[in-house]
Amino acid sequence: MKTQLLFFTFFSLYSSFSSAQSPSPAPPSGPTNVTAILEKAGQYTTFIKLLKATQEANQINTQLNNSNQGLTIFAPTDNAFTSLKPGTLNSLNDQAKVQLVQFHILPTFISMSQFQTVSNPLRTQAGNSANGEFPLNVTTSGNQVNVTTGVDTATVANTVFTDGSLAVYQVDKVLLPLDLFGSPAAAPAPAPGSKAGKAVTAKAPGAAAADDDTPDVSPAATTTTVAIVSYSVAVIAAICLNL
């Protein structure tokens, strides 16, 4: 009996020691995957397709897992895409599609409360707004956040995902950048007194333009003038001799 009790006590102590030396593994935490986040949320099928087709999904995941700056994404719903004019996406070439997706991504993490104090225009992945490239502005009214592109204005409907590094916000419209969908800039008005729209042609050496007020001082004109003066002097001299 004592032997059995001694064996049971030894076995219990050994099991406790083994458990203390081998802690249970922490639950696995894989790298952030933006498309998985959107798929779980639902209603972002078109935006997910664009992210994958432009390779921006991989770029976003790489940045999130290798940078401390974080990202902010404005995710348009499928309804937002169906509200576009027919053929809008198909009219864009590959580079323009990349810029369109990048226009929905800010290169830093911005929480909902920080939209109240951000400085406009915001910089996007599509370009540096400080240089006039792809300007994006945010306006707030109470708790409502609106995003203005110069072409349209979208409202941030809710927060899809946030973890302090990535923020994904649902927007009710596709953000159309002015650089891709805006009207071309009007030509500057001509300065007062300038000859707007008049073609300027190069002048051959010694030749004068038809509408130029500069006197002709070419060698041929000078020779003709000297001949006329000489002839006039000779005529006057002949008249004086006859007198």
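Remember, predicted model here, so these are calculated numbers, not experimental data.

> Would you mind showing me how to read the overall build of the protein here?
Across its full length, the protein holds eight helices and six strands. Along the protein, helices and strands appear, N-terminal first, in the series α-α-α-α-β-α-α-β-β-β-β-β-α-α. A buried classification covers 28% of the 243 residues belonging to the protein. Of the contacts formed within the protein by residues at least 6 apart in sequence, a portion of 61% connects residues at least 24 apart. Total accessible area computed for the protein in this model is approximately 16,100 Å², and 58% of it derives from carbon and sulfur atoms.

> Mind showing me how you'd approach the nonpolar core here?
Proteins that are soluble and globular tend to have nonpolar side chains buried together. Counting 26 residues, the largest nonpolar core has Leu 38, Phe 47, Leu 51, Ile 60, Ile 73, Leu 166 and Val 174 as its most contacted members. The set of elements that each furnish at least two residues to this core consists of α2 (34-41), α3 (45-53), α4 (56-66), β1 (71-76), α5 (78-82), α6 (94-102) and β6 (166-171). Leave out the neighbours within four places in its chain, and Val 174 touches Pro 76, Ala 80, Phe 81, Leu 84, Leu 100, His 104 and Asp 152. Residues Phe 103, Leu 136, Val 138 and Tyr 169 belong to the second largest nonpolar core, which totals 18 residues.

Criteria and thresholds
- Residues numbered from 1 in each chain as written.
- Predicted model: local features only at pLDDT ≥ 70, side-chain atom pairs only at ≥ 80, totals over all residues.
- Heavy atoms only, no water.
- Helix = DSSP H or I, 4+ residues; strand = E, 2+ residues; numbered from the N terminus.
- Buried < 20%, exposed > 50% of the residue type's maximum accessible area, 1.4 Å probe, protein only.
- Contact = heavy atoms within 4.5 Å.
- Areas by Shrake-Rupley, 256 points an atom, 1.4 Å probe, with all protein chains shown as cover.
- Core = buried A, V, L, I, M, F, W, Y, C linked by side-chain atoms within 4.5 Å.

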